[in-house]
Structure formats: structure tokens, C-alpha cells
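Breakdown of the fold
Each chain is listed here by its residues.
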Amino acid sequence: VGVAQDPDSGINSVKSYQLSKNAHFTLAVKESPDGNKYPELVLDKPMDREKQSSHILILTAVDGGDPVRSGTAQIRINVTDANDNPPVFTEEIYKVSLRENLPKDSLVLQVRAADKDEGSNAQITYFLSNTQDHTRTLFYLNPENGRITNKGDIDFEETNTFMLGVEARDGGGQIAHSKVQIEIIDENDNSPEVTFTSVSSPIPEDSLPGTVIALIKVRDQDTGENGEVKCHIEHNLPFKITSTSN
Ligand SMILES: [Ca+2]
Ligand SMILES: [Ca+2]
Ligand SMILES: [Ca+2]
Ligand SMILES: [Ca+2]
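Residues numbered from 1 in each chain as written. Chains lettered and ligands numbered in written order. Predicted model: local features only at pLDDT ≥ 70, side-chain atom pairs only at ≥ 80, totals over all residues. Heavy atoms only, no water.

1. Some words on the overall build of the protein chain
Stated precisely, the cut-off is as follows: Numbering of helices and strands starts at the N terminus; helices are DSSP runs of H or I of at least 4 residues and strands are runs of E of at least 2. Note that the radius of gyration is over C-alpha atoms, with the globule rule given as 2.2 Å times the number of residues to the power 0.38. Here's how the labels work: a residue is buried when its accessible area is under 20% of the maximum for its type, exposed when over 50%, partly exposed in between, all with a 1.4 Å probe on protein chains only. In what follows, a contact means two residues having at least one pair of non-hydrogen atoms within 4.5 Å.
Counting its secondary structure elements, the protein chain contains one helix and 16 strands. Its C-alpha atoms give the protein chain a radius of gyration of 40 Å, clearly above 18 Å, the size a compact globule of 246 residues would have. Within the protein chain, the fraction of its 246 residues that count as buried is 28%. Nonlocal contacts in the protein chain, meaning residues at least 24 apart in sequence, comprise 57% of its contacts between residues at least 6 apart.

2. Concerning the pattern of salt bridges
Using the following cut-off: Counted as salt bridges are all cases of a side-chain nitrogen of Lys or Arg within 4 Å of a carboxyl oxygen of Asp or Glu.
All told, the structure shown has seven salt bridges when counted by the stated rule. We note a salt bridge from Arg-49 to Glu-50, for which the minimum N-O separation is 2.8 Å. For Arg-49, a relative accessible area of 14% corresponds to the buried category. Residue class for Glu-50 comes out partly exposed when judged on its relative accessible area of 24%. Between Glu-167 and Arg-169 there is a salt bridge, and its shortest N-O distance comes to 2.7 Å. Owing to a relative accessible area of 33%, Arg-169 belongs among the partly exposed residues under this scheme.

3. Side note on the side chain of Ser-106
For Ser-106, the position within the fold is in the loop between β7 (93–99) and β8 (107–110). Exposure remark for Ser-106: the relative accessible area of 17% places this residue in the buried category. Ser-106 has contacts with Ile-148, Thr-149 and Asn-150, leaving out every residue within four places of it along the chain.

Here is the structure:
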């Protein structure tokens, strides 16, 4: 802090300095060998740029004359940013449901992290972390905007739930983690498969009703109603189908 100049000497020269009331700074008044008093501005309590990015102080110099004369100077202190805040995801875990077979490059979900710092200290890049290789082949996370899209075919019958680990990193190296849970919803994309496990053929004409002619196995890979199967036989044929299990 500059020294106040007072052309008067002795008792009429600068006698004291005062600093406007503030929460962070104090004045230490030193005396040089020639008897001049000069003030040093000292940081007393830590500053937080995220709360206040600049401080304005008024320094007043008072002389010892009569009448007392004073001069003031304004001090503006700009606080530069330190990377003291990690990114913070908007969710601890993101959950989303997706239909299987959705077109490639569909938006699945957008993750987002905020950072209270400024400039590169708040510039966030997104990465996948703790994610299985198979899952990485199916989903893409845009490093710049956190948008997750599917880059492969999603098949409910193969995998019906996925877990992605996501990481947000700011330009100063602070990191945050979150998770994305993706649940796949079944679509009716499989036809029933009919297989004969045994067939008696030919069959004698005097076979009694109720004789088992063939064992048929029917499977549908879909789930729930999509996987329920009803079997019919053409009604003018002398056979019927009965179920041996569900
Ligand atoms: Ca900061
Ligand atoms: Ca930061
Ligand atoms: Ca499927
Ligand atoms: Ca299906």
C-alpha cells in the first residue's frame, strides 16, 4: 500500500492510517528508519472467490495537525480463482428405461456436473469409468456435453440391465463420480419356435384316442405376454394338443 505524502513536517505530517470496515484485511502500520509511517495491508481471514470475487477498501490517512486533515485512497482487490471445488453431478445415480431395438445414436440420457469455480477450473470433461467392455461397445458418452447415446443394438434377450460409471473432471484435475443405471424394456421381437422332440410315425389305425403321437416343444424368447404361446392344430384333423407344462 502506498505511503501517504504530506508535505508538512513534524506533528502536521501523517499520524495514522485507517482501513474501512471489512471481513478479510487488516492494516499493519510500520515505521521506516526516517520516521515515516507506512501501512501494510495484511490478509487476516481467507477469501473465497466463489462468495466474493472482488473487495473494495478505503484507506484513510490522518495527519496530526489542527484542524485534522485526511486523505483517502480506494483499494480494489480482485480475487483470482483457485480450483477449490470439485465438479458435482446433478444425481448420485441416474436411472433410465429404454426399449430394446431402439435406433442407433438415440439419446439415452444426459448427465451433468456443475463446478463453482471459473474458467478452466470449471470446464468439465466427461468419461466412462468402471464400465464393462461389453457395455462400452453399446453406449457412447460425449465428453463435452455428457450426452449418452447407443452405438450398438440393444437386445433385451441378451442383457436387460446395464450399469455405466461416469466421471466428471475439471480442467484442474478435480474429479466426481456418478452412475447410470439403464433398464431395458422387452419388445415382442421373437416368434415362437416349435420343435418336435419325438414323433411316432406311422401310427396304427386302431390306436386308441389319447395315444401320444408327438411331443412338441414351443419356446418364445420374449418375456411376459410377449413370450406367452398358444398352440392350435387345424380343426379338421383328428388330433388335439394338450399341455404337459406351463
Ligand atoms: Ca475457486
Ligand atoms: Ca473446479
Ligand atoms: Ca431382442
Ligand atoms: Ca424381446
